[in-house]
Amino acid sequence: QVQLEESGGGLVQAGDSLRLACTASERIVGASSVGWFRQAPGKEREFIATIRYGDGTTMYTDAVKGRWRISRDYATKSVYLQMNTLSPEDTALYLCASGGPVLSKSPAEYDNWGRGTQVTVSS
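Residues numbered from 1 in each chain as written. Predicted model: local features only at pLDDT ≥ 70, side-chain atom pairs only at ≥ 80, totals over all residues. Heavy atoms only, no water.

Novice: Give a description of the state of the cysteines that names residues and reports values.
Specialist: Scanning the entire structure with this criterion turns up 1 disulfide. Between the sulfur of Cys22 and that of Cys96 lies a disulfide, 2.1 Å long from S to S. Looking along the S-S bond of the Cys22-Cys96 disulfide, the torsion reads about 70°, which is the right-handed sense. In this pair, Cys22 is assigned in strand E3 (residues 18-24) and Cys96 in strand E9 (residues 92-99), connecting sequence segments 74 residues apart. Side by side, Cys22 and Cys96 carry an identical accessibility label, which is buried. (Disulfide = S-S within 2.5 Å. Helix = DSSP H or I, 4+ residues; strand = E, 2+ residues; numbered from the N terminus. Buried < 20%, exposed > 50% of the residue type's maximum accessible area, 1.4 Å probe, protein only.)

Novice: Can you break down the environment of Asp90 residue by residue, with the values?
Specialist: Mapped onto the elements of the fold, Asp90 is located in the loop between strand E8 (78-83) and E9. Judged by relative accessible area, Asp90 falls into the buried class, the value being 3%. Taking the C-alpha atoms as reference points, Asp90 and Gln39, 51 residues apart in sequence, are found 9.6 Å from one another. Apart from residues lying up to four places away in sequence, Asp90 is in contact with Arg38, Arg67, Trp68, Thr85, Val119 and Val121. One polar contact links Asp90 to Arg38, side chain to side chain, over a distance of 2.8 Å. (Contact = heavy atoms within 4.5 Å. Polar contact = N/O pair within 3.5 Å; in protein donor to acceptor, adjacent residues only side chain to side chain.)

Novice: I'd like to hear about the pairing of strand E5 (residues 46-52), residue by residue, with values.
Specialist: Extensive coverage of E5 is indicated by the burial of 5 of its 7 residues. Relative to E5, strand E4 (residues 33-39) is paired through 6 bridges, and the arrangement is antiparallel. The residue bridging Phe37 from the neighbouring strand is Phe47, located in E5. Hairpin remark: E4 followed by E5, antiparallel, with 6 residues in the connecting loop; positive phi at Gly42, about 80°. (Pairing = 2+ DSSP bridges.)

As structure tokens, this is what we get:
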């Protein structure tokens, strides 16, 4: 099974930007979707964005549309999440996961998860 590893998290100030990377251990099948989620302590896992790896079709949660961007790079076998104008409410563990070809906001539709990267935004 392809292993996914997140990177790029850290401690930033409100208004800053971060780019997270989800890097696969081997080639991701084109029909797969790769999604980004986040989970804050005591809260449910929350969908952020997903991309169909082969054709680049994307879907976002309304809260980040126009502010954050998901993309993929074949050469690096990575899916990126560019996060702009961060706020303390964005503090969470950010996880990526791969799933089937149908783009979905539900964590249950993703069967292969990374361990996450922590993003902390100070005010």
